[in-house]
Each structure stands twice: as C-alpha cells, then as structure tokens.
Amino acid sequence: MMALKEKIEALKRERNAVILAHYYTEGDVQDVADFVGDSLALSQKAATTDADVILFAGVHFMGETAKILSPQKKVLMPDMAAGCSLADSCRAEDFAAFIAAHPGHTVISYVNTTAEVKALTDIVCTSSNAVQIVESLPKDEPIIFGPDRNLGNYIKNITGRENMLIWDGACHVHEEFSLEKILELKKEYPQAKVLTHPECKRPIILVSDYVGSTAGLLKYATEDTSTDTYIVVTEPGVLHQMKKAAPGKTFIPAPPMDSTCGCNNCSFMKLVTLRKMADALERMEPEIVIPEVVRAKAEKSIRRMLDISKKLGLI
Ligand code: 13P
Ligand code: SF4
C-alpha cells in the first residue's frame, strides 16, 4: 500500500497531475487525493485547476464534467466501468423525446447524467444547489427536471412548484435504504440525528433532521453541537471524512433493506483502487473523450449552474 501511494505521488509530480476524489470512494483513495469533495465542489476544482492532467477518482459522469469544463486537459479515469445507475436511468434519446413532447419547459438536469443529456439541458444542478437553481427561475416557469425522481420531488415539495415534470429515474444505492431499519436505529440511539442525502425516498426524508449533499452532510456532522451521534443515510464512504473531522462523534451508516447484501455501497465508486490509479497515471489512460459538439453544448448548461451559484454566493 505504501509503495503504491509513493508511486502515485511520484507519477503525479511527473505528469503535473491533480487527483480529485469523491466522498464515496474508499478511504485510502480519498487519502491520496489533492481534493475530496461533492459533485459541485469537484466540478469547480476541475474548472480552475492549472494541472495538465486530472485523475478523477469517482464515476464516469464526474470525469465527463471535468473534461467538459477543462477540455484542454487530459482527464483520466482509474476504471471506465465506474458508471452510475442514476445516469443510466436517463438515456439521451429518451430524454430528448420527453423534452420534445413537452415544449416550452426549462430543462434542469442533475449532474448525475451523461454529457449527451447535459447537452440537452438548460441548467445543470447538483444536490448542493438544486433548490436554489429552481428558485432562481420565475415561480410559474414550466420546468422539466431529470433524472432523479426523489431529488425532483424533494425540490418540488420545498419550492411548491406546480409546473414541474419529473423524470422517473433513481439511484440503486439510495433506493435501498429502509425506513423501518432507520426507525429501529432511532429507538436504539434516541439521541442520534438522521442526516440524509436527497436522493433518498420521501418517507426517509420526512424522518430526517438534515437533508443535503455529501458536503452538506459532512459540514452539518462536523459543526453540529446538539448531539454526538448521527445516523448517516447515504453511501457510507462519506463516513471516512466525518470520522476524520469529528473523531469524538459516533457515525452510524444506515443499513439497506437487506442487511446482508452490502448494497448501500456504490459498487461503481468502489471500482476505484490505488492500483488502478497508479496504472492510469503510468499509462496515461483510460482517458475521457467527448465529441466537441456535445461538449460545447453541455458546457453551457454547467456554466449556467456555476454562474447562478456564484451570483447566489453558494460557491
Ligand atoms: P453529491 O453531489 O452530494 O456529492 O452526490 C453525488 C452522488 O452521486 C450522490 O449519489
Ligand atoms: Fe450514481 Fe448512486 Fe453511485 Fe451516486 S451512489 S454515483 S447516484 S450510483
């Protein structure tokens, strides 16, 4: 492990590379990264880094977002098979047909989408800014929101938007959490607060003390002084940074419906290993490649998100 870490460090210097990692990757992967963050923070880093190479320790749509924002840079993925079930639930041709069937709508897409879907989109959002992006539009603006139905319904409930059509997609990890098991944990740890990602289903959102992006959950868990115990309802990779930031607190990963399946883990994120990272830096592949016509359109919708977020002081 030590030798691999040293190899990655040496290759990183040699290639003038930066390593960006998402909170859901394994702890040892996060520990070699230059920056660990949620989707919004990672996209900002990708847009502003002066490295020549970005090694993206995350899933495919995250690497694509980096490439869309930094087309002159080489974006390497440790494993091209690291996809996303939510992005897979919205194929570009189906989404295009849906948009065509509902003309006159502003299209807002969650960042967990392919470059092709982003190219069909007016404004991208992440779980950090989805509510504010929707609220930045006039109250009666007709909106298409895709692809996550749970996040879409969460926003619709908060903003009271009537004119919002929601695509019927979901993430296999966040769909698996069990309300019953969370309530059992609450009985066992009555002092615990429930921290939940908005990709979870509504009944779970309703019993939560805080709902937010991975970075939001981490910030809340670190800064909150009302208790020292938290039930964390998202992919458990995020506990790595929570434990580092607040070593005196107790973080309990919420279990999936079937406690034996391990399916609260994102199998795609867990494909990223130190070995694959070292190999990617050594071989300078596999690399994200996006046709320029798609990239340029997708960039507009991501830049709109970044501009609104900046204007609102969110970044
Ligand atoms: P965040 O933007 O909150 O990091 O979420 C990304 C993700 O894939 C959640 O499943
Ligand atoms: Fe995609 Fe779900 Fe994995 Fe997030 S946790 S990357 S939404 S499959």
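Please refer to the structure placed before this passage.
Calculation criteria
Residues numbered from 1 in each chain as written. Chains lettered and ligands numbered in written order. Predicted model: local features only at pLDDT ≥ 70, side-chain atom pairs only at ≥ 80, totals over all residues. Heavy atoms only, no water. Near = heavy atom within 4 Å. Nonpolar A, V, L, I, M, F, W, Y, C, P; charged D, E, K, R; others polar. Pairing = 2+ DSSP bridges. Helix = DSSP H or I, 4+ residues; strand = E, 2+ residues; numbered from the N terminus. Expected span 1.5 Å × (residues − 1). Buried < 20%, exposed > 50% of the residue type's maximum accessible area, 1.4 Å probe, protein only. Arc of directions from axis to C-beta. Axes fitted to C-alpha atoms, helices over the stretch in contact; angles between N-to-C directions. Contact = heavy atoms within 4.5 Å.

1. Quick notes on the site of ligand 2
In the neighbourhood of ligand 2, 14 residues make up the surrounding shell, with C84, N112, C171, E199 and C266 lying closest. In terms of residue class, the shell around ligand 2 is made up of nine nonpolar, four polar and one charged.

2. Here's the deal with the sheet that holds strand β12 (residues 250-253)
Pairing is parallel in the open sheet, where four strands are placed in the order β10-β9-β11-β12. Only two strands of the sheet have a single neighbouring strand rather than two, namely β10 (210-211) and β12. Bridge analysis of strand β9 (residues 193-196) against strand β11 (residues 229-233) gives four bridges, and the strand direction is parallel. Residue pairing in the sheet places V194 in a bridge with I231 of β11.

3. As for helix α1 (residues 2-15)
Between its first and last C-alpha atoms α1 spans 20 Å; for 14 residues at 1.5 Å apiece the expected length is 20 Å, and the two agree. Along α1, the positions that sit buried rather than exposed are L4, I8, L11 and K12. Along α1, the residues classed as buried sweep out an arc of 105 degrees about the axis, all on the same side. Exposed residues on α1 whose side chains face more than 90 degrees from its buried face are M2, A3, E6, R13 and E14.

4. Some details on the sheet that holds strand β1 (residues 17-22)
Taking strand neighbours across the sheet as the criterion, the four strands line up as β2-β1-β3-β4 in an open arrangement whose pairing is parallel. At either margin of the open sheet sits one strand with a lone partner, and together these are β2 (35-37) and β4 (74-76). Averaged over neighbouring strand pairs, the angle between their axes works out to 25 degrees when direction is ignored. Where β1 meets β2, three bridges bridge the pair, whose relative direction is parallel. Directly across from L20, in β2, lies its bridge partner F35. Most of the contacts of helix α14 (residues 274-283) go to strand β3 (residues 53-57), to which it runs at about 160 degrees, and overall it touches β1, β3 and β4.

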